[in-house]
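Residues per chain, in single letters:
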Amino acid sequence: PGFEPRYVLCCLIMSKTDNLPWFLELTDLACDSMGSKILFATDEWFAAAENLIQPSEPVFITDKFTEQGKWMDGWESRRKRTAGHDWSIIELGHPGSIRGVKIDTRFFTGNQAPRFSLQAAYLDDQDQKATKALLESRQGCGIGTKAGEQQMKAVEVLGSDKWVELVKMTPLQPGYEGKSVHYIEVDSKFGKNAWTHVRLNMYPDGGIARMRLYGTVQPNLRSNKEDKMMDLAACVNGGVAVACSDSHYGKPANLIAPGRARVMAEGWETARTSNRPAILTAGADGMIDFQSDDWAVLRLASKGRISSLEIDTNHFKGNFPESCLIEGCTLSDDLDYKQETSLFSDPQQSTKIKWICVLPRTKLAAHEQKTFQLDKPTPPITHVRLTIYPDGGVSRLRLWGQPASKL
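Draft legend 1. View of the pattern of salt bridges. Throughout the structure, instances matching the rule amount to 19 salt bridges. When the shortest N-O distance is used, the salt bridge between Asp312 and Arg260 registers 2.8 Å. Here Arg260 lies in the loop between β16 (240-244) and β17 (268-269) and Asp312 lies in strand β18 (residues 294-312), a separation of 52 residues in the sequence. By relative accessible area, which is 40% here, Arg260 ends up partly exposed. Ionic contacts of the salt-bridge type, sharing partners, join the residues Asp28, Glu57, Asp104, Arg106 and Arg212 into one network.

Below is the structure:
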């Protein structure tokens, strides 16, 4: 709260009134809630590297100290007095393409890393033995430690210094309000590449509060030979949030995140609709006539037929929507993410889309996980639109069905 991005790299010059980068609606592939892990860090004297991938925003506690010095909510190494620079390796919870990077130096006002770069690799089954050994060697690491001889030998096997460079050496600003957040769009030539591991380099030392890697999971949907239903919307299967009317309190990408939401902030929540009627009235169907609504569009992991769905308003007790409507459509695979976003966000273009009803307008309740079995599977569709009346929050949306490849 109170920190709005203004410092932006790669010619993305922004102010408080400008739109945020397009890639922020994608999935944070590096987040620990996605199953991502820190495999290695050269030095963690002041603060552990695990803080980099926490889903929460960084905090500052004025009077909190450790035996090593000031407690910081991020990854911070000691002041380097030997040759080289500090770096860490993160194993992504799911292979995916990385389209944008967010580096936050919040609260690191005199101790931030002055520069960083990012490298990536796709490690196959042959490398699993090496990564497993690296993870095991990390036992006991954390604040007040540095990589030992065993760890250095284990990490050398991966040859991470030769990995593909996604972000070249880039300056970082100190963690003051208005300067701490840095956005970098990854070159589009890597748009379809899948990565399993990244190497975050700090030059030469210092601290970074958080790192977000925005992209899309790229699973092998054909590898599952069992004839089972799958969640076609889930981000871990390749689903992605494309557009929405409002995301004042929470992004629509949260709708398709793994597991149930732990807190309200882990759902999609809109602001209260300002033009709602002064006095609410119900129609013959029992639904309130709000004269407005909010919506979010999701691209499915694969074109497929939906047979059942789940709507979860977990934690939304006084701010759940009165009701919702779910529709589906089929679009060409030729559209890229930016084109999709433009199509659904433009009122003139969006009216040309032919929507079919998946779930008619249905009453919702507070803090409830509810499943709906459809009378028959939908035709094959590629996108869904969740419309809520008139506003509010939904924590998760699950769309169970079969991908087109299995039909």
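Next comes the rest of the write-up.
Draft legend 2. Region of the structure containing the packing of aromatic side chains. Applying the stated criterion to the full structure yields eight aromatic pairs. Residues Trp22 and Tyr337 carry aromatic rings whose centres are separated by 5.7 Å and whose planes lie at 40 degrees to one another, so their mutual orientation is tilted. Taken together, the residues Trp22 in the segment before β1 (27-28) and Tyr337 in helix α3 (residues 337-345) connect sequence positions 315 residues apart. As far as the burial class goes, Trp22 and Tyr337 line up, both buried. The ring of Trp87 is capped by Arg199, whose NZ or CZ atom sits 3.7 Å from the centre of that ring.

Draft legend 3. Inspection of helix α1 (residues 128-137) at higher detail. Among all positions in α1, only Ala130, Thr131, Leu134 and Ser137 are buried. Projected down its long axis, α1 carries its buried residues within an arc of 125 degrees, all on one side. Facing away from the buried surface of α1 by more than 90 degrees, the exposed residues are Lys129 and Lys132. Tucked into the core, α1 has its buried residues touching β2 (37-41), β7 (86-104), α2 (149-156) and β12 (195-203).

Draft legend 4. Seen up close, α2. Burial in α2 covers these residues: Gln151, Ala154 and Val155. The arc that holds the buried residues of α2, viewed along the axis, is 95 degrees, so those residues lie on one side. Seen from the open side of α2, the exposed residues pointing more than 90 degrees away from its buried face are Glu149, Lys153 and Glu156. Among the structural elements, β2, β7, α1 and β9 (145-146) are those in contact with the buried residues of α2.

Cut-offs used in this document
Residues numbered from 1 in each chain as written. Predicted model: local features only at pLDDT ≥ 70, side-chain atom pairs only at ≥ 80, totals over all residues. Heavy atoms only, no water. Salt bridge = Lys/Arg side-chain N within 4 Å of Asp/Glu carboxyl O. Helix = DSSP H or I, 4+ residues; strand = E, 2+ residues; numbered from the N terminus. Buried < 20%, exposed > 50% of the residue type's maximum accessible area, 1.4 Å probe, protein only. Phe/Tyr/Trp six-rings, centres within 6.5 Å; stacked < 30°, edge-to-face > 60°. Lys NZ or Arg CZ within 6 Å of the ring centre and 35° of its normal. Arc of directions from axis to C-beta. Contact = heavy atoms within 4.5 Å.

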